[in-house]
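# Topology and contacts: notes
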Amino acid sequence: MFLPGWSIWYVVLTLQASVYGLEISGYGNHEVNCPQGLSNCALTDSMLIRHAEAEDDAVKVQNLTPYIKLCCKDGEPCALCLTIDIEINIPQDQDREDEEQSGHEEEYDAFVTVCYTTGLTTPSCKKVQFTVNHTALAQPNQAKLSMEIARPHDVSFSNQVFVYSSESPYPRQEVIVPPLDEVCSQDLQGHVVEECYVPRLSWVINHEMNWVELKSADTNKSLPSVCVQYEPNGRCVKWNMKPISMDSVTSCMCFQAWDEDGERSRRSLTCPFKTDVFQRKVWQNVIVSVDQRQMNNYRPMLRWNLSAPCRLEGEVWLCSKKSSCTEMKGFRQQLIAVTWKQNSIQQWENIGEFEDIDIQLLPCVMVKIKGMGRELGPFCLNETDRLRWSLLIVGVMLLVCLTVLIIYLLHGFVKKWAWSWRHGGFVAVGRMRHVVLLSPPDLDDDVLESVSRLGSLLCNQGFSVSVDQWSRNEQCTLGPLPWLHSQLLELNSQGGRIVLVVTRKALERVEEWTHWHKEVKGKDLALPLIGSPYSDLFMACLWLIQADKQLGRAGKRFLLVKFDSNPCSDRTLPELLQGLLLFKIPSQTQDLLTELSVGRAKRTYTV
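This section reports on the structure supplied with the text. Keep in mind the model is a prediction, meaning the values are calculated, not measured. (Residues numbered from 1 in each chain as written. Predicted model: local features only at pLDDT ≥ 70, side-chain atom pairs only at ≥ 80, totals over all residues. Heavy atoms only, no water.)

### Overview of the overall build of the chain
Our working definition: Numbered from the N terminus, helices here are DSSP runs of H or I no shorter than four residues, and strands are runs of E no shorter than two. Between buried and exposed lies partly exposed: a residue is buried under 20% and exposed over 50% of the maximum accessible area for its type, with that area taken using a 1.4 Å probe on protein chains only. Two residues qualify as a contact provided that any one of their heavy atoms is within 4.5 Å of a heavy atom in the partner residue. Residue burial considers only the protein chains on display, and all accessible areas are found by Shrake-Rupley using a 1.4 Å probe.
What the chain contains, in helices and strands, is 13 helices and 29 strands. In the chain, which comprises 607 residues, the proportion classed as buried is 42%. Of the contacts made within the chain by residues no fewer than 6 positions apart, 65% connect residues no fewer than 24 positions apart. Approximately 34200 Å² of the chain is accessible, and the part contributed by carbon and sulfur atoms is 52%.

### Overview of the nonpolar core
Note the threshold: Only buried Ala, Val, Leu, Ile, Met, Phe, Trp, Tyr and Cys residues count toward a nonpolar core, and they belong to the same one when joined by side-chain atoms within 4.5 Å.
Phe255, Phe354, Val365 and Val367 are the most contacted members of the largest nonpolar core, which has 42 residues in total. Broken down by element, this core gets its largest block of residues, four residues, from strand E18 (residues 300–308). Among the nonpolar cores identified, the runner-up in size contains 41 residues, and Leu70, Val132, Ala143 and Val193 belong to it.

### Quick word on the sheet that holds strand E11 (residues 211–216)
Applicable threshold: Whether two strands pair depends on DSSP finding at least two bridges between them.
Strand order in this open sheet of three strands is E10-E11-E14, and the pairing throughout is antiparallel. Across the chains shown, the open sheet's two edge strands, defined by having one partner strand only, are strand E10 (201–206) and strand E14 (244–245). As defined by bridge partners, E11 adjoins E14 across two bridges and the pair is classed as antiparallel. The residue of E14 that forms the bridge with Trp211 is Ser245.

### What about the sheet that holds strand E9 (residues 168–176)?
Quick note on the threshold: The angle between two axes is taken between their N-to-C directions and runs from 0 to 180 degrees, where each axis is a line fitted to C-alpha atoms and a helix contributes only its stretch in contact.
If you trace the five strands from one edge of the open sheet to the other, you get E2-E6-E5-E8-E9, paired in antiparallel fashion. Only two strands of the sheet have a single partner each, and these edge strands are strand E2 (38–46) and E9. When the angles between neighbouring strand axes are averaged without regard to direction, this sheet yields 25°.

### A word on the pairing of strand E28 (residues 558–563)
Among the six residues in E28, six count as buried, and that is most of the element. Residues Phe558, Leu560 and Lys562 point to one face of E28 and Leu559, Val561 and Phe563 to the other, with burial holding for every one of them. Here four bridges tie strand E27 (residues 496–501) to E28, and the two strands are oriented parallel to one another. Of the residues in E28, the one forming a bridge with Val499 is Leu559.

### Considerations on a nonpolar patch on the surface
For clarity, the cut-off: Patch definition: residues above 30% relative accessible area lacking any salt bridge, with like charges linked at up to 9 Å and the nonpolar side chains Val, Leu, Ile, Met, Phe, Trp and Tyr linked at up to 5 Å. Here a salt bridge means any side-chain nitrogen of Lys or Arg lying within 4 Å of a carboxyl oxygen belonging to Asp or Glu.
Where nonpolar side chains cluster on the molecular surface, the patch consists of Leu402, Leu405, Ile406, Tyr408, Leu409 and Leu410 and spans about 610 Å² of accessible area. Overall, Leu405 belongs to the partly exposed group, its relative accessible area being 44%.

### Concerning unusual backbone geometry
Leaving glycine aside, a negative phi is the common case for residues, and trans is the common case for peptide bonds. Across the junction of Gly377 and Pro378, the peptide omega takes the value 0°, indicating a cis bond. Its place among the elements puts Pro378 in strand E24 (residues 375–380). Residue Pro586 follows Ile585 across a cis peptide bond; omega there is 10°. Secondary-structure assignment places Pro586 in the loop between strand E29 (582–585) and helix H13 (589–598). Positive phi is not limited to glycine here, since Asn210 has a value of about 60°. Looking at the secondary structure, you find Asn210 in the loop between E10 and E11.

### Some details on the environment of Phe273
By secondary structure assignment, the location of Phe273 is in the loop between strand E16 (268–270) and helix H5 (276–284). In this structure Phe273 comes out as buried when scored by relative accessible area, which is 2%. Linking Phe273 and Met253, residues 20 residues apart in sequence, is a C-alpha distance of 6.7 Å. Setting aside residues no more than four positions away along its own chain, Phe273 makes contact with Trp203, Val212, Val249, Thr250, Ser251, Met253, Phe255 and Phe278.

### As for the state of the cysteines
Linking two cysteines covalently via their sulfur atoms produces the bond known as a disulfide. Rules: Pairs of cysteine sulfur atoms within 2.5 Å are what we label disulfides.
One pass over the structure, following the stated rule, counts ten disulfides. Disulfide pairing places Cys252 opposite Cys310 at an S-S distance of 1.9 Å. Because the sign of the S-S torsion sets the handedness, a value of about -85° for the bond joining Cys252 and Cys310 places this disulfide among the left-handed ones. Taken together, the residues Cys252 in the loop between E14 and strand E15 (253–258) and Cys310 in the loop between E18 and strand E19 (314–320) connect sequence positions 58 residues apart. Both residues of the pair, Cys252 and Cys310, count as buried. In this model, Cys254 is linked to Cys271 through a disulfide, with the two sulfur atoms separated by 2.0 Å. Its S-S torsion of approximately 105° makes the covalent link between Cys254 and Cys271 right-handed. In this pair, Cys254 sits in strand E15 while Cys271 sits in the loop between E16 and H5, placing the two residues 17 residues apart along the sequence.

### Some thoughts on the pattern of salt bridges
Taken as a whole and assessed by the stated rule, the structure comprises 18 salt bridges. The residue Lys126 makes a salt bridge to Asp45 at a minimum N-O spacing of 2.2 Å. In this pair, Lys126 sits in strand E6 (residues 124–132) while Asp45 sits in strand E2, placing the two residues 81 residues apart along the sequence. The exposure class assigned to Lys126 is buried, which follows from its relative accessible area of 6%. The closest approach of N and O atoms between Asp218 and Arg200, which form a salt bridge, is 3.0 Å. Taken together, the residues Asp218 in the loop between E11 and strand E12 (225–230) and Arg200 in the loop between helix H4 (180–184) and E10 connect sequence positions 18 residues apart. Beyond isolated ion pairs, a larger network of salt bridges with shared partners links Asp291, Arg293 and Arg303.

### Considering the side chain of Thr514
Counted only if it meets this: What qualifies as a polar contact is a pair of N or O atoms within 3.5 Å, subject to a donor-acceptor requirement within protein and to the restriction that residues adjacent in sequence count only when both atoms come from side chains.
Note on placement: Thr514 falls in helix H10 (residues 504–519). A distance of 2.8 Å separates the side chain of Thr514 from the backbone oxygen of Val510, its partner in a polar contact.

### So, the packing of aromatic side chains
This is how the line gets drawn: Only rings of Phe, Tyr and Trp enter the pairing, Trp through its six-membered ring, and a pair is recorded when the two centres are within 6.5 Å. The plane angle decides the type: under 30 degrees is stacked, over 60 is edge-to-face, the rest tilted.
Applying the stated criterion to the full structure yields six aromatic pairs. Here Trp203 and Phe273 contribute two aromatic rings whose centre-to-centre distance is 6.3 Å and whose plane-to-plane angle is 55°, an arrangement assigned as tilted. One end of the pair, Trp203, is in strand E10; the other, Phe273, is in the loop between E16 and H5, with 70 residues separating them in the sequence. You can call Trp203 partly exposed: its relative accessible area is 31%. Plain terms: the ring middles of Phe331 and Phe354 are 6.1 Å apart, the flat faces sit at 70° to each other, and that makes the pair edge-to-face. Taken together, the residues Phe331 in strand E20 (residues 326–335) and Phe354 in strand E22 (residues 348–355) connect sequence positions 23 residues apart.

### Section: helix H7 (residues 445–460)
Residues lying three or four places apart along an α-helix face the same way, a consequence of the helix completing one turn every 3.6 residues. Formally: Expected span, for any helix, means 1.5 Å times one less than how many residues it has. Here the arc refers to the set of directions running from the helix axis out to each C-beta atom.
With 16 residues, H7 extends 23 Å from end C-alpha to end C-alpha; this agrees with the ideal 22 Å at 1.5 Å per step. The set of residues buried in H7 consists of Val447, Leu448, Ser450, Val451, Leu454, Gly455 and Leu458. End-on, the buried residues of H7 take up no more than an arc of 160°, which puts them together on one face. Opposite the buried face of H7, at more than 90 degrees from it, the exposed residues are Asp445, Asp446 and Asn460. Downstream of H7 by a residue or two, Gly462 has a phi angle that is positive, lying close to 100°.

So this is what it looks like as structure tokens:
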């Protein structure tokens, strides 16, 4: 049985004493109350005795009435108590009846055993022993006694408890323990239920850092486990112990706190930001989208989607933008709390549809939020369509550009493939097509002739080649340095390399230039004179190498070539030229062609 109302749960101790004659010293002990005619009552634990093995002194239980209450004592936490009222039948045999008629009273001992269980646990039994005096009984052969079991074994809040006599497990009396939340919500008149404890939180708003910090409201206690949710019934996400940005704080933001020790598992729920300041943040984060759908009968319908950090109340309606968005009658829908659903990013969404609409009227959606001083909208379908058309046009343009680029690349690939096939092998297609060939600052005719032959070879292989000694007229017209600058522009547009021919004297000039560059750096001193028609281009090239080397890209723009007919000394390259690829001509001609075509030095080429 279940006795409703907390007045039955919380029984004032003085009232208990007046009704039952019970003196409670604390809920740590079990108590028994015996009526007149029964004396020397004692309550002890007992094993369950089968009916066939019942002792002669056992009396028969006629009825059991169990109920649950809280036993409270000042200064100590309240505890669950199981109280069982027992009606017993005490039979009297013929011998004892004759003794009473002859005037001799005789007292004798008896007992009763009662058991209880939650159905999932092993039964626990209590045995009440007493002395019977028949003449003192209020009713012949009948008596009522009561036992109180503090903290009954394996019984907790929300349990279903079955009580029965040891004589037979049936019939069983049932009592239901109220849930802990129901108990904790009642007024306990200053008493404490230990299981009702929940951790409490405090929070501090740091306006300077624009965040909210959480702390434990209990003194000398560490911060409990906390999760954050929007709306009390929203999904709660574990808090990462970091301050919470004020941009994320809204009026429906709540916190759950609990202890992880396993003994106190109840959670506290706190929603501290229910103010107008944080409510305005909710309004500022309302997002409305509109798109067109099709009904089963192929008629158009308009679907709207409204999302916000918290659930809102209000109205949504259609208007026609043909005339300053006039409301279309018969198309109003209500925003109510039960229609909102939370998505994966903790945003609340409300989705609705306007069916069988006329798209020619250019329908738009208007929104009015309860408490908000203005309407939101209009949110129009044509704006969505315009965005879709814009994306479609951009996609088509990208596709056209990609097609042109592929055609260009395939054209170059076919030409390269044909060139490679003529030379007996395949070389990967490269982008470097233009070659600038610069002579050393020597007056050696053999070297100049070798440079000219190399330029002719590169031209025959399909490269666009500019040789400094072939462009004397342009250099005279533009000047050597502007001519070199024009070649660099062509390299940037087509891709290619600058090939610098080096000799022994050229390497000496590089070392002299390097020494001069280090010694006179920052001083206003003239460059040393070399005395060659190609000195200006050669020196300018050294400056370019120096600049590109500082940027880490000299190896991508410059190559070195030396002729076997004009060998250099065995010394290493000057510091300025170190790291640049060096090819010997004609022994490494094929490697040079491969590098200029592919951009990979030392690639094997099948002749």
